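# Overview (structure and organization)
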Amino acid sequence: MKVRCTVHRDFRVSRIDDRLYSAFIEHMGRAIYSGIFEPGHPAADAHGFRQDVLAFVRDLNIPAIRYPGGNFVSAYDWKDGIGPVHERPIRLDLAWRSTETNRIGTNEFAAWADLAGIEMMLAVNLGTGSLQDAREFLEYVNYPGGTAWSDLRRSHGVERPYGVKMWCLGNEMDGSWQIGHRKARDYGRIADETSKALKTLDPGIETIVCGSSNDEMETYPDWEHTVLEECYENVDYISLHKYFGNRSRDTLNFFGKIEQTGRYIQAIAGTIDHVKARKRAKNDVYICFDEWNVWYHKRAEEKEKIRKWDWPEAPALLEEDYNFEDALFVGGLLNEFIRRSDRVKIACIAQLVNVIAPIRAERGGPAWRQTIYWPYQMASLYGRGEAMAVHVDGPTYDCRVAEDVSYLDVAVTHDPAAAMLTVFVLNRHLSEAADLDMDLAGFTPGEIALHRVMEGHELRATNSATAPDRIAPVKGHDAAIDEGRLRARLNPLSYNVIRINLSQE
Ligand code: AHR
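The rules we used
- Residues numbered from 1 in each chain as written.
- Predicted model: local features only at pLDDT ≥ 70, side-chain atom pairs only at ≥ 80, totals over all residues.
- Heavy atoms only, no water.
- Helix = DSSP H or I, 4+ residues; strand = E, 2+ residues; numbered from the N terminus.
- Rg over C-alpha atoms; globule rule 2.2 N^0.38 Å.
- Buried < 20%, exposed > 50% of the residue type's maximum accessible area, 1.4 Å probe, protein only.
- Contact = heavy atoms within 4.5 Å.
- Areas by Shrake-Rupley, 256 points an atom, 1.4 Å probe, with all protein chains shown as cover.
- Expected span 1.5 Å × (residues − 1).
- Domains from an automatic or database assignment.
- Buried area = accessible area lost by both parts, 1.4 Å probe.
- Salt bridge = Lys/Arg side-chain N within 4 Å of Asp/Glu carboxyl O.
- Polar contact = N/O pair within 3.5 Å; in protein donor to acceptor, adjacent residues only side chain to side chain.
- Nonpolar A, V, L, I, M, F, W, Y, C, P; charged D, E, K, R; others polar.
- Axes fitted to C-alpha atoms, helices over the stretch in contact; angles between N-to-C directions.
- Parallel < 35°, antiparallel > 145°, perpendicular 65-115°, else oblique.
- Left-handed = near helix turned anticlockwise from the far one by under 90°.
- Core = buried A, V, L, I, M, F, W, Y, C linked by side-chain atoms within 4.5 Å.
- Lys, Arg positive; Asp, Glu negative; His and termini not counted.

### Regarding the overall build of the chain
- Counting secondary structure elements, the chain contains 10 helices and 26 strands.
- Its C-alpha radius of gyration of 23 Å places the chain within 12% of the 23 Å reference for a compact globule of 505 residues.
- The proportion of buried residues among the 505 residues of the chain is 61%.
- For the chain, long-range pairs separated by at least 24 residues make up 77% of all intrachain contacts whose partners lie at least 6 apart in sequence.
- With the model as given, the accessible surface of the chain reaches about 18,900 Å², and the carbon-plus-sulfur share is 48%.

Here it is, written out as structure tokens:
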């Protein structure tokens, strides 16, 4: 098939917020315990942090990480996780029916994030927790000293405040499964009051209010409307969450969920605009897509498993094995985030290690990278700068979740500082290669600086502890600059990243 695309130097969508490539880690399953932290493991440092996992994390160049949950945060008392470790209480975690030792708390996680070079994004408990708990938490974390909570932090060996900028006001508060679940109006009220109090304490922070748990919730999108009516002027972002699956084994429909996500983003953007207009508000609220990933391979059985088990400590939970199809999907979804970077400023892959994650850490064994690690890494490394408007003219298909879906899913970023144009292309055609002809109007392209491709695998093929590198990007060959245009032959079911040096920037 032939596909013509046009980008023009003057037509950019938005500057991309680096935090579009953020991640999420929760106290659940083996994410923390035997994920990032496993004292006694051959790769652990003196603090018990696994260096093999850290190396894979660092290679992702992750800007920010959301912590400590997730459903976990809605019954979590942050005070359980500070002070001398041997004095910390062992608690029952109601979200995942597990035992939480509190061996890792805010300060240990902060130390890990620092080693990884990642900024923390903290969530407060608005399930069982109160506004008072939230403000004390902020005071402990961000206030320099001379008050009870800040001096307590200093007495715990952390002299300088962390200066955490992003604060999530609870988690998925619309969900009946959430401990302390609330009605939209009630949640909007407490979120507003909490945000106001937190910003009084530290005017430099940004707050994220909970949107719906996904676009299939019965209360969606009224939830967003009601919540924003209560707190619009006092918050900075509204969260979106969505997990994807292909239970029916319909690959084109699965890939059509990328377009469906675009509609979800658009609906929330419209809701934000509506509330802003009604309130005659001056401030802007953006989208924080703070949980996204593929999650379906083991989902149904896990629910049953949790219901039956007896409060285990760090059990294997939600350890999805990601296949090649999932990697292609993740590449396309990240393209959608780039295209909508005018409204989506922060996005967090959920999660980072072991639990629905790009990195697997075997207990006592090796760490390895799942298929989805690679598109996430390439987007994070190369998708910085400005998102460009792209016009795609080529064959399309209809599926259950979307119509008129282009077989070629394209996003383009321009990094003026690096004088680089990056083209991300998913060819979702099941059998046909695409001959891409891209007009790079207004740019003076030099040569191809890099072409990486993921292609040629069985859709169900995965990596594993014994075959950790089976699926990974390889060097692409069929791309060239020809009379100022990008021409490339892109194989069916392939994800491509093509970087082009620009001259005369
Ligand atoms: O990421 C796993 C869970 O999915 C989170 O705890 C929750 O927020 C979502 O439902």
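### Digging into helix α5 (residues 184-201)
- Taking 1.5 Å of rise per residue, 18 residues should cover 26 Å, and α5 covers 26 Å from first to last C-alpha, within 8% of that figure.
- Along α5, the residues classified as buried are A184, Y187, G188, I190, A191, D192, T194, S195, L198 and K199.

### Regarding the domain arrangement of the chain
- In terms of domain boundaries, the chain breaks down into domain 1 (2-10 + 386-502) and domain 2 (17-382).
- Placing a centre on the C-alpha atoms of domain 1 and another on those of domain 2 gives a separation of 30 Å.
- With 43 residues of domain 1 at the contact, the number on the domain 2 side is 38 residues.
- Between domain 1 and domain 2 lies a buried interface of about 3,400 Å² when both sides are counted; carbon and sulfur atoms form 64% of it.
- Of all residues in domain 1, V401, R460 and Y495 give up the largest surface area on contact with domain 2, accounting jointly for 19% of the area buried on that side.
- At the boundary of domain 1 and domain 2, one finds 5 salt bridges.
- D409 is the salt-bridge partner of R339, the closest N and O atoms lying 3.0 Å from each other.
- Counting the contacts that link domain 1 with domain 2 gives 19 residue pairs in polar contact (both at pLDDT 80 or more).
- A total of 5 residues in the side of domain 1 that touches domain 2 trace back to one element, the largest contributor, which is strand β19 (residues 408-415).
- Class assignment of the residues belonging to the side of domain 1 that touches domain 2 gives a composition of 26 nonpolar, 8 polar and 9 charged.

### Description of the packing of helix α3 (residues 131-142) against α5
- Running from amino to carboxyl end, α3 crosses α5 at an angle of 25°, the nearest separation of the two axes being 10 Å. When the axis of α3 is compared with that of α5, the two are roughly parallel. Taken as a pair, α3 and α5 cross one another with a handedness that is right-handed. Facing α3, whose interface residues are L131, A134, R135, L138 and E139, α5 presents E193, T194, A197, L198 and L201.

### With respect to the nonpolar core
- The biggest cluster of nonpolar side chains holds 169 residues, and the ones touching the most others in it are I25, F109, W112, Y187, V209 and L352.
- There are two domains that each give this core at least three residues, and those are domain 1 (2-10 + 386-502) and domain 2 (17-382).
- Setting aside residues up to four positions removed in sequence, I25 forms contacts with A31, I32, I36, I65, R66, Y67, P68, G69, F109, Q351, L352 and V353.

### A look at the side chain of D174
- Counting through the fold element by element, D174 comes out in the loop between β8 (166-169) and α5.
- Look at D174: it is buried, it has no salt bridge, and the nearest opposite charge is R66 at 10 Å.
- Excluding residues within four positions of it along the chain, D174 makes contact with H181, G211, S212, S213, M217, T219 and W223.

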